[in-house]
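Okay, here's what each chain looks like letter by letter:
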Amino acid sequence: MSAADQIFSMLKESSQSGAPLYLQLRRSIEEAVNRGLIGPGDALPSERDIASKADISRVTVRKAVQDLVKGGILVQRHGSGTFVAPRMERVEQSLSRLTSFTEDMARRGMNVRSVWLDRGLYAPSPEEMMVLGLSSTELVARVARLRIANDTPLAIERAALSASVLPDPEAIGSSLYAALETTGNRPVRAVQRISATNLGDADARLLEVPPGVAGLQIERISYLASGKVIEFTRSVYRGDAYDFVAELRLTGPGEELRP
């Protein structure tokens, strides 16, 4: 049975729901993917083929397909067609350990690489001055990278540090924390704020997902043992590939959890 026949079969099963046709079609395609009837990398039949087989308009087909592209179920490649998206192997990261991306992925046996988006010294923004304790005459070192594991882009990290701590951003190798450790400036604790976000066009393009899909935005302020702020980082992670895990425990009488 062809992919179009599989989808049409799913559509007949859902036709009794009374839902709008594009929703019925969207569910049928998604169900065909979930059942493995069409797998990752398989090409979806053309709009014309699906419309003809299901006896619905191409506008209806297009709306259903676009919804599935936005949801990360399908991907469209210009000039090639529409395909079932690769299945993402979700990555879990503990919130109880302060590790670098490189260390975290290497521990999982994943092949890690980065694409540099920015490395340089700049005049600090008002927010960077406040968080890092800089004056208007000091410089801030900014490093931005696209982080890739097993050839899948997972995150965009944008870090800011005092130029007195990182006078030559170009000297960073694969790990910022490894570079900081050589000068005795590796952070020992951090406070992270995690929030939901919808990825904008530029970030979505880098992470190879449709614009507007769900992502995770993480703001991290890292500290030295002395209590001095050493790093201010804002990162964006793919929502379909990353899970953050925290261990919680009940405090005893008189105990307080430290931040």
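Higher on the page you've got the structure.
Residues numbered from 1 in each chain as written. Predicted model: local features only at pLDDT ≥ 70, side-chain atom pairs only at ≥ 80, totals over all residues. Heavy atoms only, no water.

A. View of the overall build of the chain. Secondary structure assignment for the chain yields eight helices and 10 strands. Each of the 259 residues in the chain was classed as buried or not, and the buried ones make up 41%. Considering only contacts in the chain between residues 6 or more positions apart, those separated by 24 or more positions represent 59%. Looking at the chain as shown, the accessible area adds up to about 14,400 Å², and 49% of this sits on carbon and sulfur atoms. (Helix = DSSP H or I, 4+ residues; strand = E, 2+ residues; numbered from the N terminus. Buried < 20%, exposed > 50% of the residue type's maximum accessible area, 1.4 Å probe, protein only. Contact = heavy atoms within 4.5 Å. Areas by Shrake-Rupley, 256 points an atom, 1.4 Å probe, with all protein chains shown as cover.)

B. Quick look at the sheet that holds strand β5 (residues 140-149). If you trace the six strands from one edge of the open sheet to the other, you get β4-β5-β6-β9-β8-β7, paired in antiparallel fashion. The open sheet is flanked by β4 (112-122) and β7 (189-198), the only strands paired with a single partner. On average, adjacent strands in this sheet sit at an angle of 15° to one another, irrespective of strand direction. Bridge analysis of strand β8 (residues 214-223) against strand β9 (residues 229-238) gives nine bridges, and the strand direction is antiparallel. Within the sheet, the bridge partner assigned to I221 lies in β9 and is F232. (Pairing = 2+ DSSP bridges. Axes fitted to C-alpha atoms, helices over the stretch in contact; angles between N-to-C directions.)

C. Focus on the packing of helix α2 (residues 21-34) against helix α4 (residues 58-70). It is the contact of α2 with α4, at a shortest axis distance of 8 Å, that shows an interaxial angle of 50°. The pairing of α2 with α4 is recorded here as oblique in orientation. Remark: the crossing between α2 and α4 carries right-handed chirality. Seen from α2, the contacting residues are L21, Y22, L25, R26, I29 and E30; seen from α4, they are T60, V61, K63, A64, D67 and L68. By residue class, the composition of the contact of α2 with α4 is seven nonpolar, one polar and four charged. (Parallel < 35°, antiparallel > 145°, perpendicular 65-115°, else oblique. Left-handed = near helix turned anticlockwise from the far one by under 90°. Nonpolar A, V, L, I, M, F, W, Y, C, P; charged D, E, K, R; others polar.)

D. Fine view of the environment of Y242. Its place among the elements puts Y242 in strand β10 (residues 242-245). For Y242, a relative accessible area of 2% gives the class buried. Sequence spacing of Y242 and L154 is 88 residues, and the spatial spacing of their C-alpha atoms is 7.8 Å.

E. Summary view of the pattern of salt bridges. Scanning all chains against the criterion turns up 12 salt bridges. R119 is the salt-bridge partner of E170, the closest N and O atoms lying 3.7 Å from each other. Residue E170 is found in the loop between β6 (152-162) and α7 (176-182), and its partner R119 is found in strand β4; the two are separated by 51 residues along the sequence. Between E127 and R234 there is a salt bridge whose closest N-O contact spans 2.7 Å. Of the two residues, E127 sits in helix α6 (residues 126-132) while R234 sits in strand β9, which places them 107 residues apart along the sequence. According to the relative accessible area criterion, E127 is partly exposed, its value standing at 31%. According to the relative accessible area criterion, R234 is partly exposed, its value standing at 35%. The network of salt bridges with common partners includes E47, R58 and R62. (Salt bridge = Lys/Arg side-chain N within 4 Å of Asp/Glu carboxyl O.)

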